[in-house]
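Observations on the three-dimensional arrangement
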Amino acid sequence: MRLAVFASGGGTNFQAILDAIDTGDLPAEVMCCVSDTPNAGALERADRHDIPTEVIRPSSFDSPASFGQALLDPLATYDATFVALAGYMQKIPPNVVDEYRGRMTNVHPALLPAFGGKGMYGMHVHRAVLDYGVHWTGATIHLVDEEYDHGPVVLQEPVPVYAEDTPEELAARVREVEHRIYPEALRLFADDRIRREGRSVRIDAPERDPSSLPSTHS
């Protein structure tokens, strides 16, 4: 898997991906990191790993199509086969979605379809969760389509909401789950275990190592 990571902020999910690669848990290589923010912490993480970086601001372009082409250019340059959105705050243009349909994922800090959609990101999500009074929230990894937080769900994991939670405390617990399940989801794609059936994502059982199978005797 030749990954491109898009990130707008500090890049903690990006770091979780890098850590999983370093430990051998994710068979992938990060080819480039793309951001819309010149001072994004994710770019510093990329620099420390000698990963090429690109800063591409949508305000520099006169249409979603031209912005999308600007995003596609480095993906082609670095021959990225998969795109992981890791805290990327821009809507992906349709031409990029078309090019990487089924090969682009996003992480969302709630159990979609709850608390998703335009304007629902970061601390806005956690405040909404607490204001609504639900007892469970969580993290979602989903495929990206033309709408905000709408693509088929790949993995989800619930996180309890406690009465005394602050948005910051809840965010920290959800973030721990994100950091664990995002590399796990990417590994499923790298191992070719993901199958789509309409809006449903099916996960194939892992192949068994023949050497681990019990021997038979006639």
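Placed above this text is the structure.
The notes below deal with the structure included here. Residue indices follow the written sequence of each chain, beginning from 1 at its first position. Given that this is a predicted model, residues contribute local features only at a pLDDT of at least 70 and side-chain atom pairs are listed and counted only at 80 or more, while totals for whole chains, interfaces and linings are drawn from all residues. The basis for every side-chain value is the complete set of heavy atoms in the structure, and neither hydrogens nor water enter the calculation.

Structural notes on the overall build of the chain
- Counting from the N terminus, the helices are DSSP H or I runs at least four residues long and the strands are E runs at least two residues long. Scanning the chain for helices and strands turns up six helices and nine strands.
- Rg of the C-alpha trace for the chain: 18 Å, near the compact-globule value of 17 Å for 218 residues, within the 12% margin.
- Along the first, second and third principal axes, the C-alpha set of the chain runs to 70 × 50 × 35 Å.
- When accessible area is computed with a 1.4 Å probe and restricted to protein chains, residues below 20% of their type maximum are described as buried, those above 50% as exposed, and intermediate ones as partly exposed. Counting only residues that meet the buried cut, the chain has 44% of its 218 residues in that class. Taken over C-alpha atoms, the radius of gyration is set against a globule rule of 2.2 Å times the number of residues to the power 0.38.

With respect to the nonpolar core
- Nonpolar cores are built from buried Ala, Val, Leu, Ile, Met, Phe, Trp, Tyr and Cys residues. Side-chain atoms within 4.5 Å join them into one set. If you look at the biggest cluster of nonpolar residues, it comprises 43 residues, and the most contacted ones within it are L3, F14, I17, L26, V30, Y182 and L186.
- The greatest single-element share of this core, amounting to nine residues, is contributed by helix α6 (residues 167-190).
- Every residue in contact with L26, bar those within four places of it in the chain, is listed here: L3, I17, A20, I21, P183, L186 and R187.
- Grouped together as the second largest cluster of nonpolar side chains are 20 residues, F67, L85, Y88 and M104 included. Residues are treated as being in contact if the distance between any of their heavy atoms lies within 4.5 Å.

Points about the packing of helix α5 (residues 123-132) against α6
- It is the contact of α5 with α6, at a shortest axis distance of 9 Å, that shows an interaxial angle of 110 degrees. On the basis of their axis angle, the class for α5 and α6 is roughly perpendicular. Regarding α5 and α6, the two cross each other, and that crossing is right-handed. For the pair α5 and α6, the contacting residues are M123, H126, R127, V129 and L130 in the first and P167, E168, L170, A171 and V174 in the second.
- Note on residue classes: Ala, Val, Leu, Ile, Met, Phe, Trp, Tyr, Cys and Pro are nonpolar, Asp, Glu, Lys and Arg are charged, and everything else, Gly too, is polar. Its residues assigned to classes, the contact of α5 with α6 comprises seven nonpolar, one polar and two charged. Think of each axis as a best-fit line through the C-alpha atoms, taken over the contacting stretch in the case of a helix, with angles from 0 to 180 degrees between the N-to-C directions. Any angle between 65 and 115 degrees counts as roughly perpendicular, while under 35 counts as roughly parallel, over 145 as roughly antiparallel, and the rest as oblique. What makes a crossing left-handed is the near helix being turned counterclockwise from the far one by less than a right angle; a clockwise turn instead makes it right-handed.

Quick notes on the packing of aromatic side chains
- To pair, rings of Phe, Tyr and Trp, with the six-membered ring standing in for Trp, must have centres within 6.5 Å; the planes then decide the type, stacked if under 30 degrees apart, edge-to-face if over 60, and tilted in the middle. One pass over the full model with this rule turns up four aromatic pairs.
- Centroid distance F61 to F67: 6.0 Å. Interplanar angle 35 degrees. Geometry classified as tilted.
- Ring geometry for F82 versus F189: centroids 4.9 Å apart, planes at 55 degrees, classification tilted. With F82 in strand β4 (residues 82-85) and F189 in helix α6, this pair connects stretches of sequence that are 107 residues apart. Take F82 and F189: they sit in the same class, and that class is buried.

Concerning the sheet that holds β4
- Being paired, for any two strands, means DSSP has found at least two bridges between them. An order of β3-β2-β1-β4-β5-β6-β7 is seen for the seven strands of this open sheet, with the pairing classed as mixed. The open sheet is flanked by β3 (53-55) and β7 (153-160), the only strands paired with a single partner. The average undirected angle you get between the axes of adjacent strands in this sheet is 20 degrees.
- Bridging between strand β6 (residues 136-143) and β7 involves seven bridges; their strand directions are antiparallel. Looking at β7, one finds that W136 is bridged to P160.
- The strands that helix α3 (residues 64-77) touches are β1 (2-6), β2 (29-35), β3 and β4; relative to β1, the one it contacts most, it runs at about 150 degrees.
- Across the face of the sheet, α6 comes into contact with β1, β4, β5 (104-108), β6 and β7 while running at roughly 155 degrees to β7.

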